[in-house]
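Reading the structure
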Amino acid sequence: MHLGNASSATTVTNFLGTSFMLCLLGGFIADTFLGRFGLGVTILTISTVITSLMPPKCSRDSVTTCTPTSNIQLVVLYLALYLISLGIGGLKSSILGFGSD
């Protein structure tokens, strides 16, 4: 997605933090309505298949920087990641109980 090192690290940190913070809510929503990963993975797959939701590829010949992502591309990416983190929250809330058994 042509993000820099700092913004990529921030995105990963926010994703992991959200995954751990949403254990209770994510467990309820994932078990009751959505399933663990279904909706988030579907949106993430759609964002990789539809070319308008991805930034153009960088060419090796260009000396200039790559074209940055648009706001709508980032919104779709973050929506998919945070829906996946809800599903991970549903999974994380029951892993410790299963591991201790």
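Residues numbered from 1 in each chain as written. Predicted model: local features only at pLDDT ≥ 70, side-chain atom pairs only at ≥ 80, totals over all residues. Heavy atoms only, no water.

A separate point is the environment of C66. On the secondary structure map, C66 appears in the loop between helix 3 (38-49) and helix 4 (71-100). As for C66 and M1, which are separated by 65 residues in sequence, their C-alpha atoms are 9.9 Å apart. (Helix = DSSP H or I, 4+ residues; strand = E, 2+ residues; numbered from the N terminus.)

For the chain, mean pLDDT is 74; residues scoring 70 or higher make up 69% of the total. No element of the chain has a lower mean pLDDT than helix 2 (residues 23-34), at 69, and none a higher one than helix 1 (residues 5-21), at 84. (pLDDT = per-residue confidence, 0-100.)

Grouped together as the largest cluster of nonpolar side chains are 6 residues: I43, L53, V76, A80, L83 and L86. Excluding its chain neighbours within four sequence positions, the residues that come into contact with L53 are M1, I46, S47, Q73 and V76. The next biggest cluster of nonpolar side chains, apart from the first, holds 5 residues, and it includes F15, L77, L81 and I84. (Core = buried A, V, L, I, M, F, W, Y, C linked by side-chain atoms within 4.5 Å. Buried < 20%, exposed > 50% of the residue type's maximum accessible area, 1.4 Å probe, protein only. Contact = heavy atoms within 4.5 Å.)

Take the side chain of T69 next. Summarising the element assignment, T69 is placed in the loop between helix 3 and helix 4. With relative accessibility at 14%, the residue T69 sits in the buried group. What T69 contacts, discounting residues up to four positions off in sequence, is M1, L3, P55 and L74.

All right, on to helix 1 then. The end-to-end C-alpha separation of helix 1 is 24 Å, in line with the 24 Å expected for 17 residues at 1.5 Å each. Among the residues making up helix 1, those that are buried are T11, F15 and S19. Seen from one end, helix 1 has its buried residues packed into an arc of 65°, which puts them on one side. Residues N5, A6, T13, F20 and M21 are exposed on helix 1 and point more than 90 degrees away from its buried face. (Expected span 1.5 Å × (residues − 1). Arc of directions from axis to C-beta.)

Tracing the backbone through its elements, the reader meets T11 in helix 1. At 2.8 Å, the side chain of T11 forms a polar contact with the backbone oxygen of S7. Within the structure, the side chain of T11 is placed 3.3 Å from the side chain of Y78, a separation counted as a polar contact. Not counting residues up to four positions away in its chain, the partners in contact with T11 are L3, Y78 and L81. (Polar contact = N/O pair within 3.5 Å; in protein donor to acceptor, adjacent residues only side chain to side chain.)

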